[in-house]
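# Fold and geometry: a report
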Amino acid sequence: MSPHASDPTRRAVLGGAAGLTVAAIAGCGPGQAAEQTDEGPFTVAAADIPVGGGKVFKDRATVVTQPNPGEFHAFSAKCTHRGCLVRDIAKGKILCPCHGSAFAVADGSVVLGPAEQPLAARTVTVAGAELRIS
Ligand code: FES
């Protein structure tokens, strides 16, 4: 066996490790990059919106809520603090993952800062079993 016989294997291992490092860096901070969104009108099924909560439509940068049965609201999902997209809804609050602001599902008002302004309202038109957001 020559003294270099193990080199190709060693290079492959090192190359593989370098590839993993690049992949790890590229995968760093998902959600931190600029989001591609379409904020034009769209339609959702009313049945998809939980009562007492809501749903975030990330690709539409919109949150649709139903605080009480049959009462629907829609808001921009862009946090009024620094523009991150809100991500989750829990216990009647719309939550921003960036710095912890929370907004009420009933009216988009600030429940917890650092945001100081409510989420911008969008228009919801109920059409049978569907909601048109504009
Ligand atoms: S951007 Fe939402 S809390 Fe800062």
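A short tour of the structure in this document, coming up. (Residues numbered from 1 in each chain as written. Predicted model: local features only at pLDDT ≥ 70, side-chain atom pairs only at ≥ 80, totals over all residues. Heavy atoms only, no water.)

## Description of the overall build of the protein chain
The helix and strand inventory of the protein chain stands at one helix and eleven strands. Moving toward the C terminus, one meets the helices and strands of the protein chain in the order α-β-β-β-β-β-β-β-β-β-β-β. Sorting the 134 residues of the protein chain into buried and exposed places 27% on the buried side. Of the contacts formed within the protein chain by residues at least 6 apart in sequence, a portion of 39% connects residues at least 24 apart. Surface exposure of the protein chain reaches about 8,100 Å², of which carbon and sulfur atoms provide 56%. (Helix = DSSP H or I, 4+ residues; strand = E, 2+ residues; numbered from the N terminus. Buried < 20%, exposed > 50% of the residue type's maximum accessible area, 1.4 Å probe, protein only. Contact = heavy atoms within 4.5 Å. Areas by Shrake-Rupley, 256 points an atom, 1.4 Å probe, with all protein chains shown as cover.)

## Topic: the nonpolar core
Nonpolar side chains tend toward joint burial in soluble globular proteins. Counting residues in hydrophobic clusters, the biggest one holds 13 residues, and the most contacted among them are Val63, Ala77, Cys79, Val86, Ile94, Phe103 and Leu119. Counting eleven residues, the second-largest nonpolar core is a separate cluster that includes Val44, Ala46, Ile49 and Val124. (Core = buried A, V, L, I, M, F, W, Y, C linked by side-chain atoms within 4.5 Å.)

## Regarding the pairing of strand E10 (residues 124-127)
Pairing geometry for E10 and strand E11 (residues 130-133), over four bridges, is antiparallel. Looking across to E11, one finds that Ala127 is bridged to Glu130. If you look at the hairpin formed by E10 and E11, you'll find two residues sitting between the two strands, and Gly128 has a positive phi there, around 65°. (Pairing = 2+ DSSP bridges.)

## A look at the pairing of E11
Of the two faces of E11, the one lined by Leu131 and Ile133 is fully buried and the one lined by Glu130 and Arg132 carries no buried residue. Where strand E1 (residues 42-45) and E11 come together, four bridges link them in antiparallel fashion. Note on E11: the bridge partner recorded for Thr43 is Arg132.

## Looking at the sheet that holds strand E7 (residues 102-104)
Backbone-to-backbone hydrogen bonds join strands into a sheet, with any given pair of strands oriented parallel or antiparallel. Spatially, the four strands line up as an open sheet ordered E5-E6-E7-E8, and their pairing is antiparallel. Edge positions in the sheet fall to strand E5 (88-90) and strand E8 (110-112), since each of these pairs with one other strand and no more. The mean inter-strand angle of the sheet, taken between neighbouring strand axes irrespective of direction, is 35°. In terms of strand pairing, E5 meets strand E6 (residues 93-95) through three bridges, oriented antiparallel. Its bridge partner being in E6, Ala90 is matched across the sheet by Lys93. (Axes fitted to C-alpha atoms, helices over the stretch in contact; angles between N-to-C directions.)

In short, shape yes, function no, at least from these values alone.
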